[in-house]
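Here is how the chains run, residue by residue.
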Amino acid sequence: MPKPDSARTDSSRTAEPAATDLPLPERGGFAQGDAVMHPAHGVGRVTGESSATVGGENLELVHFAFGEGRLLLRVPRAKVIANGIRRLAGGELIAEALAVLSTAPRGAVRGITWARRAAELQAKLNSGDPRKVAEVLRDLGRNVNNPERSFSERQIFEAALERLAVEIAAVENITREAAVAKIAERVPVAPTPVAAAA
């Protein structure tokens, strides 16, 4: 886990930022302070922009902070979209994701191994699309009370729950717990407690 205030450039080569940060213009759809969503790191904010020379090429880097500033990324502007970073979903997209949760779950197709299904679910999770993340929750939620479900299935389910909950919380300006409760109205998010014998 990165140390607080650590910074990482999302590029294969290390880049040294210019001595002075450049002002962040309204280019590429992002402005300083904008809330964004990263498919793996969740909700974050644009914190600035700088330039760097990497292998003789001058790059414009957009700075993002995730996890209350514990993770800082500098991403070349040309690769922001390719890295799956986008603005937070609007209320309409969140409503569509919540509607997906209320639809009938799709079971596993016969003959498909769990490894292949897990890869498909992980691809949906990494898409960053809240509707696809909701599909993962919906399809795995039907199995939440199964004590024999695999560790990897629980991990994918919990990651989907976290990603959808934090985005709902950010968009609707509510707590994460309130967002989880909203999801729980449509799909089980925790095993049902077994009633104690009388």
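Here the structure is a predicted model, which means the values were calculated and not measured. (Residues numbered from 1 in each chain as written. Predicted model: local features only at pLDDT ≥ 70, side-chain atom pairs only at ≥ 80, totals over all residues. Heavy atoms only, no water.)

Notes on the overall build of the protein chain
Put simply, the rule is: We count a stretch as a helix when DSSP gives it H or I for four or more residues in a row; a strand needs E for two or more, and each element gets its number in order from the N terminus. For every residue, the accessible area obtained with a 1.4 Å probe (protein chains only) is divided by the maximum for its type, and the residue is called buried under 20%, exposed over 50%, and partly exposed between those limits. Between two residues, a contact is recorded if the distance between any of their heavy atoms is within 4.5 Å.
What the protein chain contains, in helices and strands, is five helices and six strands. A buried classification covers 37% of the 198 residues belonging to the protein chain. Long-range contacts, defined here as pairs at least 24 residues apart, represent 60% of the contacts in the protein chain between residues at least 6 apart.

Topic: the packing of aromatic side chains
Defined as follows: A pair of aromatic rings is counted whenever rings of Phe, Tyr or Trp (Trp by its six-membered ring) have centres within 6.5 Å, and the orientation is called stacked for planes under 30 degrees apart, edge-to-face for over 60 and tilted otherwise.
Inspection of every chain in the model, using the stated rule, returns two aromatic pairs. When the ring of Phe-30 is compared with that of Phe-64, the centres are 5.9 Å apart and the planes differ by 85°; the resulting orientation is edge-to-face. Separated by 34 residues along the polypeptide, Phe-30 in the loop between strand 1 (7–9) and strand 2 (35–38) and Phe-64 in strand 4 (residues 57–66) bring together distant segments of the chain. Here the two residues Phe-30 and Phe-64 agree in accessibility, since each one is buried. Grouped by ring-pair contacts, the aromatic residues Phe-30, Phe-64 and Phe-66 constitute a single cluster.

Some points on the pattern of salt bridges
Here is the rule we go by: Here, a salt bridge means any Lys or Arg side-chain nitrogen found within 4 Å of an Asp or Glu carboxyl oxygen.
Taken as a whole and judged by the stated rule, the model has 12 salt bridges. Here Arg-77 and Glu-49 are joined by a salt bridge, their closest N and O atoms 2.0 Å apart. Within this pair, whereas Arg-77 is found in the loop between strand 5 (71–76) and strand 6 (86–87), its partner Glu-49 is found in strand 3 (residues 42–54), the two being separated by 28 residues in sequence. Across this residue pair, the class does not change: Arg-77 and Glu-49 are buried. The partner of Glu-120 in a salt bridge is Arg-116, and the shortest N-O contact between them spans 3.6 Å. Here Arg-116 and Glu-120 lie together in helix 2 (residues 114–126), a separation of four residues that amounts to about one turn. Taken together, the shared-partner salt bridges in this structure form one network comprising Glu-49, Glu-60 and Arg-77.

A few points about the packing of helix 3 (residues 130–141) against helix 4 (residues 151–172)
Put simply, the rule is: Convention adopted: a line fitted to C-alpha atoms gives each axis, helices being fitted over their contacting stretch, and angles between N-to-C directions are expressed from 0 to 180 degrees. Roughly parallel refers to an angle under 35 degrees, roughly antiparallel to one over 145, roughly perpendicular to one between 65 and 115, and oblique to any angle outside these ranges. Here a crossing is called left-handed whenever its near helix is offset anticlockwise from the far helix by less than a right angle, and right-handed whenever the offset is clockwise. All residues other than Ala, Val, Leu, Ile, Met, Phe, Trp, Tyr, Cys, Pro, Asp, Glu, Lys and Arg, Gly among them, are scored as polar; the first ten of these are nonpolar and the last four charged.
In contact at an axis separation of 9 Å, helix 3 and helix 4 are set at 135° when each is read in the N-to-C sense. In this view, helix 3 runs oblique relative to helix 4, as classed from their interaxial angle. Taken as a pair, helix 3 and helix 4 cross one another with a handedness that is left-handed. In this structure, helix 3 contributes Pro-130, Val-133, Ala-134, Val-136, Leu-137, Leu-140 and Gly-141 to the contact, and helix 4 contributes Glu-153, Ile-156, Phe-157, Ala-160, Leu-161, Leu-164 and Glu-167. Partitioning the contact of helix 3 with helix 4 into residue classes produces 11 nonpolar, one polar and two charged.

With respect to the side chain of His-63
Rules: As used in this structure description, the phrase polar contact means that two N or O atoms lie within 3.5 Å; if the pair is within protein, one of them must be able to donate a hydrogen and the other to accept it, and residues adjacent in sequence are counted only when both atoms belong to side chains.
Residue placement: His-63 occurs in strand 4. In terms of polar contacts, His-63 uses its side chain to reach the side chain of Ser-50, at 2.7 Å.

Focus on the confidence of the model for the protein chain
Heads up, the condition is: Values of pLDDT, the confidence the predictor places in each residue, fall between 0 and 100.
The predicted model of the protein chain averages 80 in pLDDT, with 80% of residues at 70 or higher. For residues 1–27, every residue scores under 50 in pLDDT, and the model assigns this stretch 58 contacts once sequence neighbours within four places are set aside.

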